[in-house]
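# Structural overview for review
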Amino acid sequence: MNMTRNTRNVPAYMLGHGSFARLDSLVDARRPGAVFFYVDDFFRNTPLPGDLPARAGDSVIFLDTSREPTVEDIDALADAARTSCRGALPCCLVGIGGGSVLDAAKAVANLLTNPGKAEEYQGWDLVKNPAVYKIGVPTLSGTGAECSRTCVLTNMRRRLKLGMNSDFTLFDQLLLDPGLTRTVPPSQFLFTGMDTFMHCFESSRGAYRNLIVDVLAAGASALCREIFLGPGDMLADDNREKMMVASYLGGMAAGNVGLVHPFSAGLSIVLHIPHGRANCHALSVLGEFYPEEQALLAEILERRKISLPLGICSSLTDEQYEALYQGTIIHEKPLSNALGADFASILTRSKILELFKKM
Ligand SMILES: [Fe+2]
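### Section: the overall build of the chain
Helix and strand counts for the chain stand at 13 helices and nine strands. Over its C-alpha trace the chain gives a radius of gyration of 20 Å, about what one expects of a compact globule, namely 21 Å for 359 residues. Oriented by its inertia axes, the alpha-carbon framework of the chain measures out at about 55 × 45 × 45 Å. When each of the 359 residues of the chain is scored for burial, the buried share is 57%. Of all intrachain contacts in the chain linking residues separated by at least 6 positions in sequence, the fraction that spans at least 24 positions is 76%. A total of about 15,500 Å² of accessible surface is found on the chain, and carbon and sulfur atoms cover 53% of it.

The structure is reproduced here in structure tokens:
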């Protein structure tokens, strides 16, 4: 049987410094109806909320991004939107922030048109009805959340990080304004940017690649090298624009990832380490599988004078080690993508814990 998959991308985007000013006309085209703006809490006391094209009846909701969104968060946001709209649907949702905010907006949009709880849609192609129209405005580059067909949600009850993988999860419109990433701290810029690099090499080395994925991944990886190893300030205007484009291309290349993301997910579930930094911790001990990439990460960290704390898993409880193991090994798709169906014979429990203890 031919296993070729039909691939859908975000249908429209605007790219460029200052493009945020176009949000007004994009939102206007969707009215009448209420618009919900989900905004990273980071912007609460900045000029950005004053620049939102919000009118009476719209809602501006600031989201705490100190941790990644949970299924309960999404249930609560969808309930609040239903109550506010008295049974009607919003005409548009806008997510303005990093990966967590974009993913939250995507998940709420799905849940507003599909019955039940968010956790019922964690998995592949479980969303039945098209979502509410949604616009993504990234303010941090690297996760690829702006163009991916998933929205990663933490489910503590099931000790699981898993998205609603669906074509309905894709944004309808993107606004890519590098001006919005001007205030990102250097370490966060690097760790999150490296997420793109991980998506690219993991996807292009796995079993589910094709030539389009390869070309997108090569383009995004080349941009990452220019930004992180090139001369000058990695946060310069042109580099932030390149990072925004790398994230977008890398997000489209990210089909199925490899070993880095399962280990990273374990760290996020147990120690609540943000995704980008957790990836870097993971790659730092996966040199036997990814020697070139591990060396490149070390070179980049050295070049940009940013260090990863060591010993993060050196003295945990037995329960935490068990959770790290379970939170990693549960990701069968990417693990088998990297190592084949027999991955559990290579990644034994003791092997996985040995790697975590090296971090
Ligand atoms: Fe990622």
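From this point, things continue past the structure.
### So, the domain arrangement of the chain
Examined at the domain level, the chain breaks down into domain 1 (13–181) and domain 2 (186–358). One C-alpha centre belongs to domain 1, the other to domain 2; they are set 25 Å apart. If you look at the interface, domain 1 gives 24 residues, while domain 2 gives 27 residues. Of all residues in domain 1, Ser 141, Arg 159 and Lys 161 give up the largest surface area on contact with domain 2, accounting jointly for 26% of the area buried on that side. Taken together, domain 1 and domain 2 are joined by eight residue pairs in polar contact (both at pLDDT 80 or more).

### Brief notes about the environment of Ser 166
In this fold, Ser 166 is placed in the loop between β8 (160–165) and β9 (173–176). Using a relative accessible area of 3% as the deciding quantity, one classes Ser 166 as buried. In sequence terms Ser 166 and Arg 149 are 17 residues apart; their C-alpha atoms lie 5.5 Å from each other. Residue contacts for Ser 166: discarding those within four places in its chain leaves Asp 125, Val 127 and Arg 149. Within the local environment of Ser 166, its side chain forms a polar contact with the backbone nitrogen of Phe 168, the two atoms lying 2.9 Å apart.

### Some words on the coordination of the iron ion
Around the iron ion, the protein contributes the donor atoms Asp 195 (OD), His 199 (NE2), His 261 (NE2) and His 275 (NE2), which lie 2.1 to 2.2 Å from the metal centre. Counting the intervening residues between successive donors of the iron ion yields the motif D-x3-H-x61-H-x13-H. One end of the pair, His 199, is in helix α4 (residues 186–204); the other, His 275, is in helix α8 (residues 275–284), and 76 residues separate them in sequence. Neither His 199 nor His 275 differs from the other in exposure class; each is buried.

Definitions and cut-offs
- Residues numbered from 1 in each chain as written.
- Predicted model: local features only at pLDDT ≥ 70, side-chain atom pairs only at ≥ 80, totals over all residues.
- Heavy atoms only, no water.
- Helix = DSSP H or I, 4+ residues; strand = E, 2+ residues; numbered from the N terminus.
- Rg over C-alpha atoms; globule rule 2.2 N^0.38 Å.
- Buried < 20%, exposed > 50% of the residue type's maximum accessible area, 1.4 Å probe, protein only.
- Contact = heavy atoms within 4.5 Å.
- Areas by Shrake-Rupley, 256 points an atom, 1.4 Å probe, with all protein chains shown as cover.
- Domains from an automatic or database assignment.
- Buried area = accessible area lost by both parts, 1.4 Å probe.
- Polar contact = N/O pair within 3.5 Å; in protein donor to acceptor, adjacent residues only side chain to side chain.
- Donors = N, O, S within 2.8 Å, 3.2 Å for Na, K, Ca; no water.

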